[in-house]
Amino acid sequence: MHIDPSHENLVNLLAREVSGPVTMLNMLRFREIADYQFSPELAPRDPISGREAYDRYIEHTLPYLQATGGSVTFMGEGGNFFIGPADERWDLVVLVHQASIEEFFAFAADEAYLAGIGHRTAALLDSRLLPLTVSEP
């Protein structure tokens, strides 16, 4: 399972010396029932699905994302790969655009944003986050 970035992944991202706009490719697999054990203060009274918890995360997150100039440019249902492991599936795919990696880090470090990140953790069984940059032909 991969929910949060590792120190090694952060070091590798910084070593890329990304400049200019960045789009984050999010591939998400949800828990059947959200697990709020690490953020009980955010837990709803009755159990909810991982997808419902992620919807709460998105609702909480959008104002902070937009405040740093970011935007969700695509959100769509996933499924199994057409090319790739036949048994691997992703429930939701999201593209998040930021003007720069610095703006992304400013967003990701905002304490008010971080106060709601427990919805994301509760929602996800597994995830991938791939920073994409524009490539010149």
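Computed from a prediction, not measured in an experiment: that's the story for all the values here. (Residues numbered from 1 in each chain as written. Predicted model: local features only at pLDDT ≥ 70, side-chain atom pairs only at ≥ 80, totals over all residues. Heavy atoms only, no water.)

## Things to note about the environment of His119
Part 1 of the argument: Tracing the backbone through its elements, the reader meets His119 in helix H5 (residues 118–123).
Part 2 of the argument: Using a relative accessible area of 10% as the deciding quantity, one classes His119 as buried.
Part 3 of the argument: Between the C-alpha atom of His119 and that of Gln98, which follows or precedes it by 21 residues, the distance is 22 Å.
Part 4 of the argument: Ignoring anything within four residues of it in the chain, the contact list for His119 reads Tyr36, Leu42, Ala53, Tyr54, Arg56 and Tyr57. (Helix = DSSP H or I, 4+ residues; strand = E, 2+ residues; numbered from the N terminus. Buried < 20%, exposed > 50% of the residue type's maximum accessible area, 1.4 Å probe, protein only. Contact = heavy atoms within 4.5 Å.)

## Quick look at the side chain of Arg120
Part 1 of the argument: The residue Arg120 is located in helix H5 in this model.
Part 2 of the argument: We note that Arg120 is buried and unpaired, the nearest opposite charge coming from Asp4 at a distance of 4.0 Å. (Lys, Arg positive; Asp, Glu negative; His and termini not counted. Salt bridge = Lys/Arg side-chain N within 4 Å of Asp/Glu carboxyl O.)

## What to know about helix H2 (residues 50–67)
Part 1 of the argument: The end-to-end C-alpha distance of H2, which contains 18 residues, comes to 26 Å, matching closely the 26 Å that a straight helix rising 1.5 Å per residue would cover.
Part 2 of the argument: A bend of about 40° at Thr61 is the largest found in H2, and the proline Pro63 appears one to four places after it.
Part 3 of the argument: Inspection of H2 places Gly50, Ala53, Tyr54, Tyr57, Ile58, Thr61 and Leu65 among the buried residues, and these make up the whole buried set.
Part 4 of the argument: Trailing H2 by a residue or two, Gly69 shows a phi angle of about 85°, which is positive. (Expected span 1.5 Å × (residues − 1). Bend = angle between axes of the 7 residues up to and from the residue.)

## Examining the confidence of the model for the protein
Part 1 of the argument: Looking at the protein as a whole, its pLDDT mean stands at 94, while 100% of the residues score no less than 70.
Part 2 of the argument: The element-level mean pLDDT for the protein is lowest in helix H1 (residues 7–15), coming to 87, with H5 highest at 98. (pLDDT = per-residue confidence, 0-100.)

## Here's the deal with the pairing of strand E3 (residues 89–98)
Part 1 of the argument: As paired strands, strand E1 (residues 22–30) and E3 are joined by seven bridges and run antiparallel to one another. Counted as the bridge partner of Val22 is Gln98 from E3.
Part 2 of the argument: Sheet topology note: the strand E2 (residues 71–80)/E3 ladder contains eight bridges and is antiparallel. When the bridges of E3 are listed, Met75 appears paired with Val94. (Pairing = 2+ DSSP bridges.)

## Topic: the pattern of salt bridges
Side chains bearing opposite charge may pair, as long as their charged atoms lie close to each other.
Part 1 of the argument: Tallying each qualifying case throughout the model produces five salt bridges.
Part 2 of the argument: A salt bridge links Glu77 to Arg51; the nearest nitrogen and oxygen atoms lie 3.2 Å apart. Here Glu77 is found in strand E2, whereas its partner Arg51 is found in helix H2, with 26 residues between them in sequence.
Part 3 of the argument: Taken together, the shared-partner salt bridges connect Arg29, Asp126 and Arg128 into one network.

## Section: unusual backbone geometry
Glycine aside, the phi torsion of most residues is negative, and most peptide linkages are trans.
Part 1 of the argument: Residues other than glycine seldom take positive phi values, yet Glu17 does so here, at roughly 50°.
Part 2 of the argument: In this structure, Glu17 sits in the loop between H1 and E1.
Part 3 of the argument: On the accessibility criterion, Glu17 (67% relative accessible area) is exposed.

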